[in-house]
Amino acid sequence: MMETQTRIVNMVQVVEFQGRLDAHQGKQVDKKLSEIPPTLPQAGVKTVVNLSKVHFIDSTGLSILVKGMKHRREQNGDLVLCELQQPVRIIFELTRLDRMFQIFPTENEAIQAVQ
């Protein structure tokens, strides 16, 4: 079971996953990314996904993140990533998704960028 934490920092939704972001965790991750906390507006939500505790990602995990980003952008929001571990970063580079996502070295930088 993947552990997730969601918190609000300066009107930005921060979602932190821990473990493997793969087909087995897909539905749970998808659900967590589609939730909008009641303290935020329904449109224009800025989401930072902190992947510092994710050590593996597969194609299902990648597609869920892409779907989440597209959904946020359709609602005039955004979804960015931060703190990728090296094995996860390599997957993003190999699939060239590092060009699609904004990826930040720290959570604070990601939050500042989307505010």
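For the structure itself, consult the block above.
Residues numbered from 1 in each chain as written. Predicted model: local features only at pLDDT ≥ 70, side-chain atom pairs only at ≥ 80, totals over all residues. Heavy atoms only, no water.

Q: With reference to specific residues and values, describe the nonpolar core.
A: If you look at the biggest cluster of nonpolar residues, it comprises 23 residues, and the most contacted ones within it are Phe-17, Leu-51, Leu-65, Leu-81, Phe-92 and Phe-101. Elements with a contribution of two residues or more to this core: β2 (12-21), α1 (26-34), β3 (46-57), α2 (59-74), β4 (78-82) and α3 (86-94). The element best represented in this core is α2, accounting for 5 residues. Residues Val-14, Val-48, Cys-82 and Ile-111 belong to the second largest nonpolar core, which totals 9 residues. (Core = buried A, V, L, I, M, F, W, Y, C linked by side-chain atoms within 4.5 Å. Buried < 20%, exposed > 50% of the residue type's maximum accessible area, 1.4 Å probe, protein only. Helix = DSSP H or I, 4+ residues; strand = E, 2+ residues; numbered from the N terminus.)

Q: I'd like a rundown of the pairing of β4, residues and numbers included.
A: Counting buried residues in β4 gives 5 out of 5 residues, a clear majority hidden from the surface. As for the winding sense of the linkage, the β-α-β connection from β3 through α2 to β4 is right-handed. Pairing of β4 with strand β5 (residues 103-104) involves 2 bridges; the strand directions are parallel. Looking at the pairing, Leu-81 lines up with Ile-103 of β5. Handedness of the crossover is the feature at issue here: the chain leaves β4, passes through α3, returns alongside β5, and the resulting connection is right-handed. (Right-handed = clockwise from strand over helix to strand, strands pointing away. Pairing = 2+ DSSP bridges.)

Q: Got a sec to walk through the environment of Leu-81? Specific residues and values, please.
A: Summarising the element assignment, Leu-81 is placed in strand β4. The class for Leu-81 is buried, based on a relative accessible area of 0%. Counting along the chain gives 24 residues from Leu-81 to Pro-105, while the straight-line C-alpha distance between them is 8.8 Å. Sequence-distant contacts of Leu-81, defined by excluding residues within four places in its chain, comprise Val-49, Leu-51, Leu-65, Phe-92, Phe-101, Gln-102, Ile-103 and Phe-104. (Contact = heavy atoms within 4.5 Å.)

Q: Mind laying out the pattern of salt bridges, listing which residues take part and the relevant values?
A: Under the counting rule described, the total for this entry stands at 9 salt bridges. As a salt-bridge pair, Glu-35 and Lys-31 come within 3.4 Å of each other at their nearest N and O atoms. Residue Glu-93 is joined to Arg-89 by a salt bridge in which the shortest nitrogen-to-oxygen separation is 3.9 Å. A residue pair is termed a helical-turn pair when its members lie 3 or 4 positions apart in one helix, as Glu-93 and Arg-89 do in helix α3 at 4 residues. A relative accessible area of 25% places Arg-89 in the partly exposed class. (Salt bridge = Lys/Arg side-chain N within 4 Å of Asp/Glu carboxyl O.)

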